Amino acid sequence: MYKVLIVDDEMIVRHAVKTLIRWEGSQFVYAGSAASGTSALKLMQETPADIVITDIKMPDMDGIELIKQLMSTGFDGEILVLSNFNDFELVREALKCGAHDYMLKLTLKSDSFMQTLGEIALKLNARKGRAERATEPALPVKRQPDRIHETLAFLYRSGEEAGRSGIEAAENIWLQEHAVYTFGIQVTAVSELRDEGSLKHSLSQLWSDVYPGSTWQCAVAGEDHSFLIAAAYPSASGAPEPAEMAERIASLSAMYYSMKVDIIYGNKAVHPMGLAEEIRLCREAQVLFFYKTSGPLCQSNRSAAVDEDSGYSRLEAEWLEEIGKGHPEFIVNWEARARQMIQEGGERRMYPRVVKRVICEGMWTVSRKLGLDQHRGFDPSLWLEKMTKAGTDTELSSVVGELAQEVLTHAGNGAGVRANRAEVRKALVFLEENYRRSVSIHDVSVHVNLSETYLCQIFKTDTGKSIMTYLNELRMAKAHELLSSGQWLVKEAAAEVGIHDPFYFNRLFKKHFGVPPKQVKPKETPDMK
C-alpha cells in the first residue's frame, strides 16, 4: 500500500483532492493533509508518506521549497504537483526539482487522477522493487477496521443493554495512551436525496479534514439519518476540545456537502469504560433533537433523555381530568394544553415517545368524551399514525392543530366548518354548546372578547359564512337528526334547536334541505322491517 499526503493551503482543495481518490479497494492509503510545506515536513517526519500531492503557491513554505527539502532528506517517493493555468514557470521548476508530473486544479477528474496515481505506483514498484508492499496495511491498526466498526456499532445500538459486555468490547479495541472522541450526528437536511451509505461516506471523508492525525476513525449508521462518529488520537496529540470539533463538523458539512447536521458531543474518553459510557450518552441525547429548541449542538452528558418526571406526569393527569369534566371550551383548551405538553416535554428532556404517548392519550380521551370514536368520519388510527411518525416537535404541533380542527368539525358537524383563528374556533364551540337557546352576535362577541364588527369580519373570512348563517345551518343539521330518528314531532324538533316559530323553522328547513321538515323519513334500523 502507498501512503498519500495532500498539501494545499486551502482546505476546500485538500478535501476535493481527497474525494477524487478512490481509496477503498485501491493500493492507496490516506496519510493526512497539511496546509503548508512546513506542516507537511513535520507530518512526513511523524508518518512518512510515499506520494506527496502538493500545491505550488502556499504561504510559509511553498511547493517548490517543499520539494527541495524532501529531496535533500533522501525522499524516495514521488511528488505530484497541482497548479493553476498561469503557473507554468513554477511547474517547470517543480519538475526540474524532482516532481513526477503536474495536474491543473480546474480540470481535475477522478478517472484521470486515478490514472496518474496508478502510473506513480507502477514507477515506485519498478524502481524500488516493493510490489509486495501493496498488499500490506499501512498501520497496524488498519488490520482491524472491521472489529472497530463492529464494536462501536454494538455499543451504539445496544445502549444500556450492552452492560459489562460493552466495556469488554471497548477494551478489545482500546489503544494505550490514546483518547477517543465520539459524536452523535443527525442529518436534518441535504441538498439532494441521498441514502444512508452516501451520507456515511461523506461524513467519513469529512472527518480527516476536520482534524487530521487520528490513529483510527470510524462511522456507524443508526436510524433515520443518524450516525455515530468516533476517532482515536494519541493522548499527547493536543487535539481540540470536543465542542470545537463539533462546530467545525457542522460548518464543513454545510460547506462541502450542503448538509445541515445536529451534533451531540461528549467528553473525550480516556479508558474503555468511559468510551462505552460516552457512546451511551450520545445515543440517549440524540433523540432530543426531536425538540428543535435544543439547537444544532448539544452536550450529551447534560442532555440525556428521561422516561419519567413527576411534574410532567402531574400535568398529564390534570389535562386528562380537564377533558373528562367537559367544561365549556375544553375543545379549544385541548389544543392549547396539547401544545403545552409538547413544550414541557422539551424543557424536561422527555423521550419523544413519552410525549407522543401523552398526546395520543389526550386524543383518545377527547374523542371518547365527544363520542367521536363512534363517528364514521373520524378515524383515530389515522391520527395515531400521524403523531407517531412526527419527526420533530414542530411536526407534532402541526398535527395537533390539524386534529383540533378535525375534532371541532365533527363536534359541530352540522356546519362542517374548519377555522384557523383561535377566536373563531372559540366562537364555533360556543355556538355548538348554545344553539338550543336564543343566541345573538353580541353574546358570541362577549364570549370571545372581540367587537361585534371585528368578530363578524374574521368569522366570515375564516369560515366563508356569517355567524347567523352558520348557526342556522347547525340548527337545521341537528333538527334533521332529530326528525330522522322518528321520535320527534316537527314542532318539538324546532323548539329543541332553539327556534320556537314553526313557520320560520319550516322556511329555514326547506331552504336548507329542499323539502319541508314533515317529509323527512325516519332512518331504518336493524329492528325495522
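For the structure itself, consult the block above.
Residues numbered from 1 in each chain as written. Predicted model: local features only at pLDDT ≥ 70, side-chain atom pairs only at ≥ 80, totals over all residues. Heavy atoms only, no water.

Peer 1: Summarise the nonpolar core; cite the residues concerned and give the values.
Peer 2: One finds W319, W334, V355, I359, M387, L396 and L403 to be the most contacted residues of the largest nonpolar core, which totals 31 residues. Elements with a contribution of two residues or more to this core: helix 11 (310–325), helix 12 (330–347), helix 13 (352–370), helix 14 (380–389) and helix 15 (393–411). The element contributing the most residues to this core is helix 13, with seven residues. M387 has contacts with K356, I359, C360, M363, L396, V399 and L403, leaving out every residue within four places of it along the chain. Ranked by size, the runner-up nonpolar core spans 28 residues in total, among them F430, F459, L471 and V497. (Core = buried A, V, L, I, M, F, W, Y, C linked by side-chain atoms within 4.5 Å. Buried < 20%, exposed > 50% of the residue type's maximum accessible area, 1.4 Å probe, protein only. Helix = DSSP H or I, 4+ residues; strand = E, 2+ residues; numbered from the N terminus. Contact = heavy atoms within 4.5 Å.)

Peer 1: With reference to specific residues and values, describe the pairing of strand 1 (residues 2–7).
Peer 2: In terms of burial, strand 1 is largely enclosed, as six of its six residues are buried. Sheet topology places strand 1 next to strand 2 (residues 28–34); six bridges connect them, and they run parallel. Residue V7 lies in a different strand from strand 2, and its bridge partner there is A34. For the segment spanning strand 1, helix 1 (residues 11–20) and strand 2, crossover handedness is right-handed. Here strand 1 pairs with strand 3 (residues 51–55) via four bridges, running parallel. Residue I6 lies in a different strand from strand 3, and its bridge partner there is I53. (Pairing = 2+ DSSP bridges. Right-handed = clockwise from strand over helix to strand, strands pointing away.)

Peer 1: Describe in detail unusual backbone geometry, supporting the description with residues and values.
Peer 2: One non-glycine residue, R349, lies in the positive phi region at around 60 degrees. By secondary structure assignment, the location of R349 is in the loop between helix 12 and helix 13. A residue is classified by how much of its surface remains accessible, and R349, at 36% relative accessible area, is partly exposed. Positive phi values are uncommon outside glycine, yet N449 reaches one of about 65 degrees. As for its position among the elements, N449 is in the loop between helix 17 (441–448) and helix 18 (452–463). Taking relative accessible area as the criterion, N449 reaches 68% and is therefore assigned exposed.

Peer 1: Residue-level account of the packing of helix 16 (residues 422–434) against helix 18, with values.
Peer 2: At a minimum axis separation of 10 Å, helix 16 and helix 18 run at an interaxial angle of 90 degrees. What the angle tells us is that helix 16 and helix 18 run roughly perpendicular. Judged by residue contacts, E423, V424, A427, L428 and L431 of helix 16 engage I458, F459, D462 and T463 from helix 18. Of the residues in the contact of helix 16 with helix 18, the class split is six nonpolar, one polar and two charged. (Axes fitted to C-alpha atoms, helices over the stretch in contact; angles between N-to-C directions. Parallel < 35°, antiparallel > 145°, perpendicular 65-115°, else oblique. Nonpolar A, V, L, I, M, F, W, Y, C, P; charged D, E, K, R; others polar.)

Peer 1: Tell me about the pattern of salt bridges, residues and numbers included.
Peer 2: With the rule as written, the count across this model stands at 21 salt bridges. As a salt-bridge pair, E89 and R92 come within 3.8 Å of each other at their nearest N and O atoms. Of the two residues, E89 and R92 are both situated in helix 4 (residues 88–97); the distance of three residues between them amounts to about one turn of the helix. Taking the relative accessible area as the measure of exposure, E89 reaches 54% and is therefore exposed. A salt bridge links D309 to R348; its shortest N-O distance comes to 2.8 Å. (Salt bridge = Lys/Arg side-chain N within 4 Å of Asp/Glu carboxyl O.)

Peer 1: Which residues make up the sheet that holds strand 9 (residues 259–265), and what values go with them?
Peer 2: Across the sheet, which stays open at both edges, the five strands sit in the order 7-8-6-9-10 with mixed pairing between neighbours. Strands at the two margins of the open sheet, each flanked by one partner only, are strand 7 (216–221) and strand 10 (297–299). On average, each strand axis in the sheet is tilted by 20 degrees relative to the strand beside it, whichever way the strands run. Bridging between strand 6 (residues 178–190) and strand 9 involves seven bridges; their strand directions are antiparallel.

No statement about biological role is implied by the geometric values presented.
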